[in-house]
Structure formats: C-alpha cells, structure tokens
Amino acid sequence: MATAPPAADLVIELSQTHKAKPDLTNLVFGTVFSDHMLTIEWTSAGGWQKPHVKPFGNLSLHPACSAMHYAVQLFEGMKAYRDADDKVRLFRPMLNMNRMAKSAERACLPAFDREELVQCIRRLVQVDLEWVPKSDSASLYIRPTFLGTEPSLGVKKPSHALLYVILSPVGSYFSTGAKPVSLWADSKYIRAWRGGTGDCKMGGNYGASIYAQDEAVDYGCQQVLWLYGDDHQITEVGTMNMFLFWNNEKGEEELATPPLDGIILPGITRQSILELTRKWGEFKVCERYLTMADLRCALKESRVKEMFGSGTACVVSPVGRILYQGENLHIPCQEDFPQLASRLMKELTDIQVRSHPTGHRHQFNVYSTLVERNLIQPVCAQ
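Each residue is numbered by its place in its chain's sequence as written, counting from 1. With the structure being a predicted model, the display of local features is reserved for residues of pLDDT at least 70 and the display and counting of side-chain atom pairs for 80 or more, all residues being used for whole-chain, interface and lining totals. Only hydrogens and water are set aside when side-chain values are computed; all heavy atoms of the structure are taken into account.

The protein is annotated in an unreviewed UniProt entry as Branched-chain-amino-acid aminotransferase of Hucho hucho. In the Sequence similarities (unreviewed entry) part of its UniProt record, the protein is described as follows: "Belongs to the class-IV pyridoxal-phosphate-dependent aminotransferase family." UniProt positions are given in the numbering used here, feature names are shortened, and annotations may be inferred rather than shown by experiment. Under the UniProt heading Subunit (unreviewed entry), the entry covering the protein gives this text: "Homodimer."

With respect to a nonpolar patch on the surface
Taken together, the side chains of Leu-59, Leu-61 and Met-68 present a nonpolar region at the surface, about 270 Å² in accessible area. Counting through the fold element by element, Met-68 comes out in helix α1 (residues 66–70). A residue counts toward a patch only above 30% relative accessible area and without a salt bridge, and it is joined to like-charged neighbours within 9 Å or, for Val, Leu, Ile, Met, Phe, Trp and Tyr, to nonpolar neighbours within 5 Å. The Shrake-Rupley method, run with a 1.4 Å probe, gives the accessible areas here. Residue values count only the displayed protein chains as cover. Put simply, a salt bridge is a Lys or Arg side-chain nitrogen that is within 4 Å of an Asp or Glu carboxyl oxygen. Here a helix means four or more residues in a row that DSSP labels H or I, a strand means two or more in a row labelled E, and each is numbered from the N terminus.

Let's talk about the packing of aromatic side chains
How two aromatic rings sit relative to each other is given by the distance of their centres and the angle of their planes. Side-chain rings of Phe, Tyr and Trp, where Trp is taken by its six-membered ring, are said to pair if the distance between their centres is within 6.5 Å; with planes under 30 degrees apart they count as stacked, over 60 as edge-to-face, and otherwise as tilted. The tally for this structure, following the rule as stated, stands at 10 aromatic pairs. Ring geometry for Trp-184 versus Tyr-219: centroids 5.1 Å apart, planes at 15 degrees, classification stacked. Of this pair, Trp-184 sits in strand β10 (residues 181–185) while Tyr-219 sits in the loop between α5 (210–218) and β11 (223–228), and the two are 35 residues apart along the sequence. Using a 1.4 Å probe on the protein chains alone, a residue whose accessible area is under 20% of its type maximum counts as buried, one over 50% counts as exposed, and one in between counts as partly exposed. Classification of Tyr-219 by relative accessible area gives partly exposed; the value is 46%. Summarising the aromatic geometry, the rings of Tyr-189 and Tyr-211 are spaced 5.9 Å apart at their centres and angled 80 degrees between planes, so their arrangement reads as edge-to-face. You can see Tyr-189 sitting in the loop between β10 and α4 (203–207) and its partner Tyr-211 sitting in helix α5, a full 22 residues away along the chain. Under the relative-accessibility criterion, Tyr-211 is labelled exposed at 59%. Site record: aromatic cluster; members linked through ring pairs are Trp-184, Tyr-189, Tyr-211 and Tyr-219. Two conditions define a charge located above a ring, namely a distance within 6 Å from the ring centre to NZ of Lys or CZ of Arg, and an angle within 35 degrees of the ring normal. Its guanidinium or amino end placed over the ring of Phe-245, Lys-305 lies 6.0 Å from that ring's centre, counting from NZ or CZ.

Rendered as structure tokens:
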C-alpha cells in the first residue's frame, strides 16, 4: 500500500489550450486560475495513487461526499515568487506542509509525506511557470486542498480522500491595497475555542465567519477582530494573525502577538515576523495575551505605536481603526503605512522577490528554491 503521494510517479497531461494571462493592475484576489492543477487520490484499501498534473477543470464528486455534508475538509495557502533574477521560489513550503499535516490529523484524513507533496507542487509550478507574475507586487498563490470523499452519509472517518492543488496569480488581498484596514470588535461572535479546530486551517472555520464579516461591513468596517472570553482577549483579525507594537505596562517597547494556545492559527508569516524581529534584537518580542481593556488603556496613555495583521495573502496589513462597543479606537498610522509594518513588509518582500548578497535570502531555516532543485527548465510532456 502506498503511504505517500509518490512524486517520482507523477503523470503530466498538458493542456491543449492556454488561457490569457490577467492584467495584474486590476486583479481581484483568487478569481483567476492557471492552466493546470494537481490531483492525488487516496483510498484506505489502495493508499495513495499516482499524482496527476492535468488541465484545470471541475471536480466530479459523489453526492454523499463527506466533505460536502460534514466539512471533512482543509486547505493551505502558500505562494511562489519570481525574483529580480527571474528565479522562482516557494516561501517556506515545509511550514505549510507541517500545518497541513496537523490539520489532516485533526480531520481524520490520511497522513502524507510532506516532502513528496512539496515535490509534486514544485512540478505543478514548473508546468505553469509563466503564470508566476513578473512583478514585485504580485505572486502566484498556491492552494492545496484536502477533501474527505467518503461516498456515504455515515458520520465516520473517510475511506476515500482527494488532495488537489490549484494556482492563482494574485495582487493585494484587500481592495484598498496597502492602506490601513478598519476592524469591528464584538464578543457576540466567537471564531474558535479551546478544544476546537481554531489552530487548524479548515474550511469550516472560515465559512462560519462570513456572517460576522458581513455584519462588520454593515458597520463600515472591513474585517472582524475576533475576541475571546469574558475579558475580551484579542485573538485574530479576519484571516490574519494580529500584532501590537507598543510600550507595555512596564514601559518596555514591545511587539506582542497572542500565544498559540489552541485557538490561534500558527501563521507562517506570523512565525517569520517573530523570527525576524527577535533576530534584530531592537525591542522586546513577546507572545502574550492582550485584551481590549489593555488596548484602550494604552491608547488613552498614548503607548500604542501601531497594530497590524499578518498572513500569506496580505503579508502585512496595518490597522487604522477599531470599532468597539460603539467607540472608534483610532490606531496611530504614519502616512498610511506605519514604520514597523512598512519595514517588515519590505524585509519579507526583499527575501521573497529581490536579489540579495549570499546568505541574506536564506536567513530562514526553510526556504525552497525551484532553481536549486533543477526544476526551472523548459516544460515538456513526460
């Protein structure tokens, strides 16, 4: 029985038609897709089957598919970047694979070999290499998706599963571009709770948030700032992890973000920001609980320097305003993009898409370069 998607057995079927590449200046996030996709099927009887790169197209699913009825489903979000030397790279892909494996275990979906899946994704990106934007402000978004395809209505661990990957060229996640976002904070809706799946990237976590997101828009805000507990702990913002840069209660300059206690998604960009800022050694970097009372008090005492969210889709997004209990809390924003958020955005972008002296682009432990694996080459049928 195969225990992993075997990259060496990958079958490539090239599309006979090619879609026009989009205009990057007016690109709406996640609406345009490349010419090909990766699919890998699994059954409890036969294990993982051969991976296939094939023309992008619709899926055929049984009407009783467990992903459709019981949300036995998860996904990941990662990106490929083209640098100034025309080399294409995946940003820290093994961190995505580790998180995906954790989500799969929680969803009772089968285990997979993480390195083998990265190799399959590399091959898919190689085939659709021309879809990686030649732009500092755009990238190729990679969406691995894992479905339970059990063809029955029983609530049980699936005996059939489908893992697939699609590609989408993207620009800014928010329609306002890099301008500060506005947040609505209200404790009546809860994104996650201890013992739940808030630390996993499952579709149900996002689908259940749309109602609150829609209400936030009605209040004139772009995203929801999710609160937890009677003390209104700050957790996440929309689809992002949250950071507060301030002078804390002891007067220390501190970059703080909520800890990974089971209700926070362990973001790859979050981890990268923590690693970068700790390496700088310029201020205290802390994973700690923050409440709305803490924020209100700090704003009243002029101790808040800036707030921002982080994520694969947006990278870094400053926060300009929070609507909380009928009061607009205005967050300091210098010329739309605060100093630390701007520096982090530049530092991460430099690593992802610009050329650097040897060593600088490899300051993270996990960084995958397509060129280094000899996967940048003319695509041909195999």
